[in-house]
Amino acid sequence: MIGGFTKDLGIDLGTANTLVYVRGKGIVVREPSVVAIRTDTKTIEAVGESAKKMIGRTPGNIRAIRPMKDGVIADFDTTATMIKYFIRQAQKQRSMFQRHPNVMVCVPSGITAVEQRAVEDATRQAGAREAYIIEEPFAAAIGADLPVWEPTGSMVVDIGGGTTEVAVISLGGIVTSRSVRVAGDEMDESIIQYIKRQYNLMIGERTAEQLKMDVGSALPLEKAETMEIRGRDLVTGLPKTLTITSDEISEALADTVNAIIEAVKVTLEKCPPELAADIMDRGIVLTGGGALLRNLDKLLARETGMPVIVAENPLDCVAIGTGKALDNIHLFKTRGNGAFRSKR
Ligand SMILES: Nc1ncnc2c1ncn2[C@@H]1O[C@H](COP(=O)(O)OP(=O)(O)OP(=O)(O)O)[C@@H](O)[C@H]1O
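This report concerns the structure included in the present document. What you see is a predicted model; the values in this text were computed from it and never measured.

## Some remarks on the overall build of the chain
Move 1: Of regular secondary structure, the chain possesses 11 helices and 17 strands.
Move 2: A compact globule built from 344 residues should have a C-alpha radius of gyration of about 20 Å, and the chain, at 20 Å, falls within 12% of that.
Move 3: Seen through its C-alpha atoms, the chain measures out along the principal axes to roughly 65 × 55 × 30 Å.
Move 4: When burial is assessed residue by residue, the chain has 54% of its 344 residues classed as buried.
Move 5: Partitioning the contacts of the chain with sequence separation of at least 6, the portion at a separation of at least 24 is 63%.

Listed below in structure tokens is the structure:
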């Protein structure tokens, strides 16, 4: 055990969900990255789960926003408030927490230096003694138990809400990576557009996400499934109920899924041959909520000719990896691999 870090926190600051990991306790906070703000008084109405319920249902004076949409900090003040709220939530679970913990935050690998600085500042503003940054695919690989420190190639594909991160890791560093802003949110948007095009029916983000999770698949299912949805008929302006099939959702998702597969192929093309051979042996590991899309592993295996494995608890990999990285912060420092940076 490395002294001084036991009460510290690892935060997976995701576009869709924020998870807080505490050593010895595991994940203590798991909430949507949503904040509801009163536009007249500029005060915070709700954060997390209760704010998510308000999306698409707010009166004029309340706005439910996702400050991390597209994997970057779109709104600095709201993100700072959100981080502060989640740190408090974690601290409430265990009164023995130190008041100013060290916090390791996971960010998408494609973020700019300015965006990274904004995350660090928001974390410090939220009460952290020291803010550390770790790149998302590196954390995902640690969380998925890949041998990141060994002289062997591991490939991780983390499909979150806003971004898909593809990385090849060896000897504690990212050898090659690609971050595309195509992931779960884009899948939901394609479903909304598909239903609008086919049926002149407007549905909300939450209904689209439900369709994706319940009947979505990257390949048509052997036995088609259906789901009933409600939306607003764009011709009559009235509410309407429809039954949608899994085949339709596969069709709606095709372009988005192909963009993710393309990102994996491009990364494989840039991968040094020895590492590519290692990946061929071990397989490509999928993490993030998007990894739960049915048959995505099968389609990716078919398209790349590589074995593909969905990590155990894909939604938790990044948070667990961020927490484990805190445990081993000395390793990060001595190896100087550039996978994390401290503000000091
Ligand atoms: N069973 C499922 N099938 C398909 N998609 C799913 C499933 N469960 C969750 N998702 C999607 O996973 C996404 C959230 O994943 P995750 O929590 O890993 O993202 P995040 O870490 O918040 O985002 P990012 O990595 O972009 O910052 C959402 O788009 C959600 O709809």
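## Points about unusual backbone geometry
Move 1: Phi is positive for Asp145, close to 65°, though the residue is something other than glycine.
Move 2: Within the secondary structure, Asp145 sits in the loop between α4 (136-143) and β9 (154-159).
Move 3: What makes Asp145 exposed here is its relative accessible area of 59%.
Move 4: Positive phi outside glycine occurs at Asn295, with the angle close to 65°.
Move 5: Considering the arrangement of structural elements, one finds Asn295 in the loop between β15 (284-287) and α9 (296-304).
Move 6: A relative accessible area of 15% places Asn295 in the buried class.

## Re the nonpolar core
Move 1: Judged by nonpolar contacts, the single largest core of 46 residues is most densely connected at Ile191, Ile195, Ile203, Leu211, Ile229 and Ile284.
Move 2: The element best represented in this core is helix α7 (residues 246-269), accounting for nine residues.
Move 3: Mapping this core onto the domain boundaries places at least three of its residues in each of domain 2 (139-182 + 257-313) and domain 3 (184-252).
Move 4: Sequence-distant contacts of Ile229, defined by excluding residues within four places in its chain, comprise Ile195, Leu201, Ile203, Thr207, Leu211, Lys240, Thr241, Leu242 and Ile244.
Move 5: Residues Ile37, Ala126, Ala128 and Ile133 belong to the second largest nonpolar core, which totals 27 residues.

## A short note on the site of the ligand
Move 1: Neighbouring the ligand are 21 residues, the closest being Ala16, Asn17, Glu136, Glu209 and Lys212.
Move 2: The backbone of Gly161 places a nitrogen or oxygen atom 2.9 Å from an oxygen atom of the ligand.
Move 3: The separation between an oxygen atom of the ligand and a polar main-chain atom of Gly289 is 3.0 Å.
Move 4: Its free accessible area being 660 Å², the ligand has 93% of it covered by the protein chains.
Move 5: With three residues, helix α6 (residues 205-215) is the largest single contributor of residues to the shell around the ligand.
Move 6: Its residues assigned to classes, the shell around the ligand comprises five nonpolar, 11 polar and five charged.

Definitions and cut-offs
- Residues numbered from 1 in each chain as written.
- Predicted model: local features only at pLDDT ≥ 70, side-chain atom pairs only at ≥ 80, totals over all residues.
- Heavy atoms only, no water.
- Helix = DSSP H or I, 4+ residues; strand = E, 2+ residues; numbered from the N terminus.
- Rg over C-alpha atoms; globule rule 2.2 N^0.38 Å.
- Buried < 20%, exposed > 50% of the residue type's maximum accessible area, 1.4 Å probe, protein only.
- Contact = heavy atoms within 4.5 Å.
- Core = buried A, V, L, I, M, F, W, Y, C linked by side-chain atoms within 4.5 Å.
- Domains from an automatic or database assignment.
- Near = heavy atom within 4 Å.
- Polar contact = N/O pair within 3.5 Å; in protein donor to acceptor, adjacent residues only side chain to side chain.
- Areas by Shrake-Rupley, 256 points an atom, 1.4 Å probe, with all protein chains shown as cover.
- Nonpolar A, V, L, I, M, F, W, Y, C, P; charged D, E, K, R; others polar.

These figures come from the coordinates and say nothing about function on their own.
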